[in-house]
Amino acid sequence: MGVEAHATNERVTGRRWTVRLDPVGRGRADVRVSCSRPACAAQVLPSAADGRTAAIAHLKAHLRAGPAPRPSVQCACRAEECHTHIRPAGPRERPVPWRCGGAVVLAVITDREGRWWQVLECCSRCAAAHPTAKVVATAPVAEAPARGDGFRADAPAPATPGGPAATTPTFSAISPHFSHSATAAATAVPQQASGPRSSAPRSAPRSARPTRKRPPRGRIAQRLVPHDLRPVALRDELTELGELFRAYQARTEPDLAVLADLHARKAEAFNAWAEVTADTGLRLDARRAEQAAATARLQHLHRIGQAPDGEGPAVVRLLTAPAQWNHARAVLAHVAENAPLPGAEARLLVLMVTLRTAQSGVGNLVGQDIKGLPLQDPEHLVGQLVESGWLGISGTVEELIASRPESPTRISVPSLTPDEDDPGPFTFGRKLRPKLSGWAQRVVGEKKLRKGKTGADVRLLALALATGADGEGWLGPGGEGIGLDALSSWCSVDPADLPDLVDRLTAADWLAEADVTGTLLTGRLTERVLPLGCPLT
């Protein structure tokens with residue numbers, strides 16, 4: 001026991017270092033690549049793609065220049081009481097206290113987002129416990145000597161009979177690929193000394209026998225392709241697909257058309273694999289690959305502005321989901337019911353401020369946000385909102401109007417501030433609020449509306465029609481039109497003034513085939529403004 005404890009205490013801990021990819025600052029695109037090894041200085045790269053490339057190249061340089069894993073070191077993760085150690089399979093197995101099992105390996109562990117890479121000199125069973133670990137080199141397993149022979153853990157390995165002492169393996173000249181499993185190097189066969197036939201051993205030692213090479217095994221979707229899979233064409237197709245998927249993951253820019261084709265080929269290959277092996281799991285994987293191919297192809301068509309199956313040109317909308325469209329309508333309805341001041345200009349200003357503070361009741365505002373709206377006297381209007389108690393600002397009204405983006409003014413709307421009893425009128429999340437605010441600004445500040453110098457009432461009508469048309473732009477449910485009473489109430493104008501507002505929207509190429517009857521406005525949005533629409537569902 002004393003000898004074993006002494007050997008454990010003097011055993012050298014395995015090497016361990018980390019290469020990280022971190023943002024330089026909030027809102028900035030450049031990234032910092034750092035290495036935990038003392039001699040490595042941090043690098044700043046202009047983008048995440050460049051940083052990831054530099055981080056991987058830096059790590060590969062360390063792996064090529066560093067020594068191979070040492071067979072007698074203490075497992076690096078075991079030194080920190082790693083909870084992922086695999087315990088022995090049976091009560092009779094007694095692993096040494098410094099290693100849970102297997103040969104010492106050099107493994108690369110990474111997170112799935114590609115933000116850090118860690119190299120560990122540990123035992124093979126520890127590496128197997130990490131789902132993302134890739135072994136890049138393996139040390140030979142040293143045979144344990146008999147008790148009482150004075151063996152020390154840090155002593156060199158004994159020489160093999162009939163040949164020179166065993167040497168530490170070195171890395172291959174080919175740099176390791178983190179997406180592939182490492183292949184073991186072929187073991188060299190020592191030359192037997194010449195001598196009488198009677199003195200030669202009858203058979204070569206097990207370690208000196210030439211190993212039988214099997215064809216390389218492919219890997220796809222966390223599955224190993226059997227080397228004896230038949231037909232051979234299916235085995236080759238699965239192996240090639242695995243390599244293509246890994247190559248796609250290494251791309252700096254996505255290509256959804258290529259990804260859709262890969263998923264389609266994977267679905268076909270997995271269906272054939274399932275027929276050969278009668279594996280239900282492979283059939284399920286094939287079905288999921290078919291769904292992934294359809295989704296990627298649809299996303300690609302939307303990205304290039306086309307529609308599937310010849311349905312006509314697709315509309316790439318600013319707000320993309322029905323839930324977002326419904327939330328936009330909910331904000332407009334809330335403002336119509338709770339505006340503290342009458343008039344179209346007050347209604348428009350209240351809407352824009354509500355969208356800035358909808359999530360928490362507080363937000364930032366600059367003078368350009370207010371001066372960019374069609375308001376005759378914005379300073380007086382903001383002062384009225386402050387006097388009514390609906391709006392609170394951190395300074396004076398003059399300071400708000402003069403504020404710039406580098407020093408915005410803090411504003412608050414008490415009626416939108418959530419508390420324990422009242423979570424607030426809106427249910428959308430923090431990430432959707434800026435999307436809704438950006439959508440409203442795009443509609444209100446649309447180029448032709450600005451050039452036509454349209455007033456707040458015309459722009460409120462544009463917002464109402466953008467949220468009151470179907471997917472093809474026809475106004476009202478089923479294209480039957482929108483009631484004039486609802487439009488005049490929202491725009492805060494007299495119903496008799498609506499025909500003039502409709503004419504202005506028609507002149508600005510917002511409306512086509514518009515017709516104002518006694519109670520309804522019919523027509524459709526032009527194709528130019530369809531991307532700004534929130535279709536009725």
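Above this text is the structure in question.
Keep in mind that what you see is a predicted model, and the values were worked out from it rather than measured.

A.B. asks: Would you explain the overall build of the protein in this entry?
C.D. replies: Of regular secondary structure, the protein possesses 16 helices and 14 strands. Looking at the 537 residues of the protein, the share that counts as buried comes to 37%. Summarising the internal contacts of the protein: among those between residues at least 6 apart in sequence, 62% fall at separations of at least 24. Accessible area of the protein: about 31,000 Å², with a carbon and sulfur share of 52%.

A.B. asks: Whenever I open this one, the sheet that holds strand E14 (residues 520–525) confuses me. Can you help?
C.D. replies: The strands that make up a sheet pair up through hydrogen bonds in the backbone, lying either parallel or antiparallel. Spatial strand order, E12-E14-E13: three strands in an open sheet with antiparallel pairing. Across the chains shown, the open sheet's two edge strands, defined by having one partner strand only, are strand E12 (482–483) and strand E13 (511–516). Pairing geometry for E12 and E14, over two bridges, is antiparallel. Residue Gly483 lies in a different strand from E14, and its bridge partner there is Leu520. Strands E13 and E14 of the sheet are contacted by helix H16 (residues 498–507), whose axis makes an angle of about 165° with E13.

A.B. asks: When you look at the pattern of salt bridges in this model, what are you seeing that I'm missing?
C.D. replies: A pair can form between side chains of opposite charge whenever their charged atoms are brought close. Following the criterion strictly, the structure yields 20 salt bridges and no others. Of the charged contacts, one joins Asp279 and Arg223 as a salt bridge, the two residues approaching to 3.9 Å between their closest N and O atoms. Residue Asp279 is found in the loop between helix H5 (256–277) and helix H6 (280–303), and its partner Arg223 is found in strand E8 (residues 223–224); the two are separated by 56 residues along the sequence. The residue Asp500 makes a salt bridge to Arg504 at a minimum N-O spacing of 3.8 Å. Here Asp500 and its partner Arg504 are both found in helix H16, four residues apart, which amounts to about one turn of the helix. According to the relative accessible area criterion, Asp500 is partly exposed, its value standing at 42%.

Rules of the game
- Residues numbered from 1 in each chain as written.
- Predicted model: local features only at pLDDT ≥ 70, side-chain atom pairs only at ≥ 80, totals over all residues.
- Heavy atoms only, no water.
- Helix = DSSP H or I, 4+ residues; strand = E, 2+ residues; numbered from the N terminus.
- Buried < 20%, exposed > 50% of the residue type's maximum accessible area, 1.4 Å probe, protein only.
- Contact = heavy atoms within 4.5 Å.
- Areas by Shrake-Rupley, 256 points an atom, 1.4 Å probe, with all protein chains shown as cover.
- Pairing = 2+ DSSP bridges.
- Axes fitted to C-alpha atoms, helices over the stretch in contact; angles between N-to-C directions.
- Salt bridge = Lys/Arg side-chain N within 4 Å of Asp/Glu carboxyl O.

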